[in-house]
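Residue-level listing of the chains:
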Amino acid sequence: MSFEEGDEVVLHDEHSDFDGKVGTVETVSETMFGDENYVISFEDGQEAGIAAAALTAADETDEE
């Protein structure tokens, strides 16, 4: 799945402090292999270099 700047997403990365939290896509960049990486901003920080596979779209029932 692909996301755009401003989209609300949930991060799924057990090694991140933001695992399971809702954040906002700040930047979308493309790697030299054609994959998209994202910078996600959260209420108390941000995470960079996130692959689309580690993200799902947030909906109104997701908790922060």
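It should be emphasised that the depicted structure is a prediction, and the values quoted were computed from it without experimental measurement.

(A) Region of interest: the pairing of strand β2 (residues 22-30). Judged from the 3 bridges that link them, strand β1 (residues 8-11) and β2 form a sheet pairing that is antiparallel. Looking at the pairing, E8 lines up with T24 of β2. Looking at chain direction, β2 and strand β3 (residues 36-42) are connected through 6 bridges and run antiparallel. Residue pairing across strands places T27 opposite V39, the latter belonging to β3. Remark: 5 residues form the turn of the hairpin made by β2 and β3, two consecutive strands paired antiparallel; G34 in that turn has positive phi of roughly 90°.

Rules used in this analysis
- Residues numbered from 1 in each chain as written.
- Predicted model: local features only at pLDDT ≥ 70, side-chain atom pairs only at ≥ 80, totals over all residues.
- Heavy atoms only, no water.
- Pairing = 2+ DSSP bridges.
- Helix = DSSP H or I, 4+ residues; strand = E, 2+ residues; numbered from the N terminus.

All quantities given are derived from atomic positions and should not be read as evidence of function.
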